[in-house]
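# Per-entry structural report
Each chain, written out:
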Amino acid sequence: MGNGVSEELVSLVSGEWRALIHPLGAELQSLRDGAGREYMTDVDPAYWTGHAPLLFPIIGALRGDAFRHEGREYTLPRHGFARRSRFAIAARSEDAVTFALEDSEATRAVYPFAFRLEMAFRLHGGALHMAATVHNRGEAVMPFSFGYHPAFAWPLPGGGEKTAHHIIFEKDEPEQIRRLSKATGELLPGGEATPVAGRELALHETLFEADAMVWTGLASRALRYTSPQGPALDIAFPDSPDLGLWQVPGAHYLCIEPWAGYADPLGFDGEIGQKPGIVLLPPGESRSFRMDVRVSAG
């Protein structure tokens, strides 16, 4: 991988397919077919060096990088700490692995809740099945958000012109999209007319000149990311009601991000449990978020 840590990567193999995941952040780094074609980002440092960070216990930015709980203020960076945390390997086989991250003195200092986050991957032919499960190990309701942030190749390998790629949603998506403040990362009020025509979004880089496109309360729970000449990715996210699409214009990736939650609305000053979109998990309970990615011939 050219980063000096390839020996740490966990390799999953199913037939001719291979996936690579790093225990740091339980981050998917590669999905390749038997011909060596890569379906993930090229990680060009001129744009963004992430692959597929996990967003927990927040998504996006907090107002002032802080949240309030029971009258106290806690500081958390954008997207939370899971993406920079080392996960333990809880189970492993040739085609599957489960990682786990548990609360610690360090996490409780910035997020005062007892949790266990399990991240399971299973490769089956050209399909990668992912499931994140959040467990509340404490005695109080635990507010959190969870999101996926995978950067897929754009253009897809052998897919032809970048500007001829499309996203086809499972359902019509007529609602307005939301945008984020470039200055603070907060979710801006109001919205703008959707670029989706019925179920279809024609992809072009100008869509991202104003940063990410955000859907709060998406109708669809699946979509197809298509190329004009070759493969398509069928992506299902049955447990995630929100979605972000993002890239840095000019880059060779497209982030397709199913979320349960989103950034602080502009000027939000309530407690974290009152935040719009937040998940409230009762003590002793768990919540899972699936994401399935299947490569097809188009």
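### With respect to the overall build of the chain
Within the chain one finds one helix and 22 strands. A compact globule built from 298 residues should have a C-alpha radius of gyration of about 19 Å, and the chain, at 19 Å, falls within 12% of that. Each principal axis of the C-alpha distribution contributes one length, and for the chain these read about 55 × 45 × 35 Å. Considering the chain as a whole, with its 298 residues, one finds that 52% of them fall into the buried category. In the chain, of all internal contacts separated by at least 6 residues, the share reaching a separation of at least 24 is 65%. For the chain, the exposed area adds up to about 12400 Å²; of that, 49% sits on carbon and sulfur atoms.

### Here we look at the sheet that holds strand β1 (residues 10–14)
Each strand in a sheet pairs with another by means of backbone hydrogen bonds, the pair being arranged parallel or else antiparallel. Taken in spatial order, the three strands line up as β1-β2-β3 in an open sheet, and their pairing is antiparallel. Strands at the two margins of the open sheet, each flanked by one partner only, are β1 and β3 (27–32). Taking each pair of neighbouring strands and ignoring which way they run, the sheet shows an average axis angle of 20 degrees. Pairing analysis gives five bridges linking β1 to strand β2 (residues 17–22), with the strands arranged antiparallel. Among the inter-strand pairings, valine 13 is bridged to a residue of β2, identified as arginine 18.

### A short note on the sheet that holds strand β18 (residues 232–236)
Taking strand neighbours across the sheet as the criterion, the nine strands line up as β7-β8-β9-β10-β22-β18-β17-β14-β15 in an open arrangement whose pairing is antiparallel. Of all strands in the sheet, those bounded by a partner on one side alone are β7 (88–92) and β15 (200–202). Along the sheet, successive strands turn relative to each other by an average axial angle of 15 degrees, direction set aside. Across four bridges, the pairing between β7 and strand β8 (residues 96–102) is antiparallel. Paired with alanine 88 across the bridge in β8 is alanine 100.

### So, the pairing of strand β17 (residues 222–226)
Bridge analysis of strand β14 (residues 166–169) against β17 gives four bridges, and the strand direction is antiparallel. The residue bridging phenylalanine 169 from the neighbouring strand is leucine 223, located in β17. Where β17 and β18 come together, five bridges link them in antiparallel fashion. Following the sheet pairing, leucine 223 is matched in β18 by isoleucine 235. Taking the residues between adjacent antiparallel strands as the criterion, β17 and β18 are bridged by five residues.

### Some remarks on the side chain of aspartate 33
Following the sequence through the fold, aspartate 33 ends up in the loop between β3 and β4 (54–55). For aspartate 33, a relative accessible area of 7% translates into the label buried. In terms of polar contacts, aspartate 33 uses its side chain to reach the backbone amide nitrogen of alanine 35, at 3.0 Å. Separated by 3.0 Å, the side chains of aspartate 33 and tyrosine 39 make a polar contact. Leaving out residues up to four positions away in the same chain, aspartate 33 has contacts with Glu16, Trp17 and Tyr39.

### Considering the confidence of the model for the chain
When pLDDT is averaged along the chain, the result is 95, and 97% of the positions lie at 70 or above. Under a pLDDT of 50 for its full length, residues 1–5 has, in the predicted model, seven contacts with residues more than four places off or in other chains.

### Let's talk about the environment of leucine 188
Summarising the element assignment, leucine 188 is placed in the loop between β14 and β15. Among the residues examined, leucine 188 registers a relative accessible area of 28% and is labelled partly exposed. Considering only alpha carbons, one finds leucine 188 and leucine 233, 45 residues apart in sequence, at a separation of 30 Å.

Analysis parameters
Within any chain, residue numbers begin from 1 and follow the written order of that chain's sequence. With pLDDT at 70 or above as the cut-off, local features in this predicted model cover only qualifying residues; side-chain atom pairs require 80 or more to be listed or tallied, and sums for whole chains, interfaces and linings still use all residues. Each side-chain value is worked out from all heavy atoms of the structure, with water and hydrogens disregarded. Numbered from the N terminus, helices here are DSSP runs of H or I no shorter than four residues, and strands are runs of E no shorter than two. We compute the radius of gyration over the C-alpha atoms and compare it with the globule rule, which gives 2.2 Å times the number of residues raised to the power 0.38. Three labels apply to residues, based on accessible area from a 1.4 Å probe with only protein chains included: buried if under 20% of the type maximum, exposed if over 50%, partly exposed otherwise in between. Only heavy atoms matter for contacts: two residues are in contact if any of them lie within 4.5 Å across the pair. Calculation of accessible area relied on Shrake-Rupley with a 1.4 Å probe; when residues are assessed, cover is drawn exclusively from the protein chains displayed. In this analysis, strands are considered paired if DSSP registers two or more bridges between them. Fitted lines through C-alpha atoms serve as axes, helices being fitted only where they are in contact, and the angles separating the N-to-C directions of these axes extend from 0 to 180 degrees. Distance and chemistry together define a polar contact, namely a pair of N or O atoms within 3.5 Å, with one atom able to donate a hydrogen and the other to accept it when in protein, and with adjacent residues in sequence counting only for side-chain atoms on both sides. Confidence of the predictor at the level of single residues is captured by pLDDT, which takes values from 0 to 100.

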